[in-house]
Amino acid sequence: VQLAESGGGLVQTGGSLRLSCAASARTFSTYVMDWFRQAPGKEREFVAGIWRNGGYTEYADSVKGRFTISRDNARNTVTLQMNSLKAEDTAVYYCAASDSIFPYGRIRDSSLYPYWGQGAQVTVSS
């Protein structure tokens, strides 16, 4: 599976950005999809995840209520709508895919995701 993010950029505090991730998978609907991010000098962290059929989503506390993850299985895409952006949201954002079998409770576990995009830079200026 090849993943390609798009939509990153520079935005002011309080603004919005929409990240998209296009997947090459023939059976995209069998993949759990996550967004992670890594800020300079920090470890990579979970941002949001969405189950195969889109029926379950999970968010990091730091983005809950501001970010929305969605997917279109017909178009092989997953999207992260980011609103009310803060300076601390500045990071490289990665989409990741997993076709492993695991329970909802492990959706944040990056070790379960073998497929990663190249990353998209999001910079929020204050």
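Before any of the text, the structure's been laid out above.
Residues numbered from 1 in each chain as written. Predicted model: local features only at pLDDT ≥ 70, side-chain atom pairs only at ≥ 80, totals over all residues. Heavy atoms only, no water.

Which residues make up the sheet that holds strand β8 (residues 77–82), and what values do they have?
If you trace the 4 strands from one edge of the open sheet to the other, you get β1-β3-β8-β7, paired in antiparallel fashion. At either margin of the open sheet sits one strand with a lone partner, and together these are β1 (3–6) and β7 (67–72). With strand direction ignored, the average angle separating the axes of adjacent strands in the sheet is 15°. Two strands pair when backbone bridges link them, and strand β3 (residues 17–23) and β8 are joined in this way by 6 bridges, in the antiparallel orientation. Bridge assignment links Leu19 to a residue of β8, and that residue is Leu80. (Pairing = 2+ DSSP bridges. Helix = DSSP H or I, 4+ residues; strand = E, 2+ residues; numbered from the N terminus. Axes fitted to C-alpha atoms, helices over the stretch in contact; angles between N-to-C directions.)

Provide a residue-level description of the pattern of salt bridges, including the pertinent values.
Any two side chains of opposite charge can pair, on the condition that their charged atoms come close. Scanning the entire structure with this criterion turns up 7 salt bridges. Among the salt bridges present, the one from Arg37 reaches Glu45, with a minimum N-O distance of 2.6 Å. The exposure class of Arg37 is buried, given its relative accessible area of 5%. Here the salt bridges do not stand alone but share partners, grouping Arg37, Glu45, Arg66 and Asp89 into one network. (Salt bridge = Lys/Arg side-chain N within 4 Å of Asp/Glu carboxyl O. Buried < 20%, exposed > 50% of the residue type's maximum accessible area, 1.4 Å probe, protein only.)

Residue-level account of the packing of aromatic side chains, with values.
In total, this model carries 9 aromatic pairs according to the counting rule given. When the centroid spacing of 6.0 Å and the interplanar angle of 70° are considered together, the rings of Tyr31 and Tyr115 count as edge-to-face. Taken together, the residues span a long stretch of sequence, with Tyr31 in the loop between β3 and β4 (32–38) and Tyr115 in strand β10 (residues 115–116) at a distance of 84 residues. The class for Tyr115 is partly exposed, based on a relative accessible area of 24%. Note on Trp51 and Tyr56: the rings are 6.4 Å apart at their centroids and 85° apart in plane angle, and the pair reads as edge-to-face. The class of Tyr56 is partly exposed, set by a relative accessible area of 22%. (Phe/Tyr/Trp six-rings, centres within 6.5 Å; stacked < 30°, edge-to-face > 60°.)

Please give an account of the environment of Gly8 that cites residues and values.
Here Gly8 is to be found in the loop between β1 and β2 (9–12). With 97 residues separating them along the chain, Gly8 and Gly105 place their C-alpha atoms 29 Å apart. Beyond its immediate sequence surroundings of up to four residues, Gly8 is in contact with Leu19, Ala120, Gln121 and Val122. (Contact = heavy atoms within 4.5 Å.)

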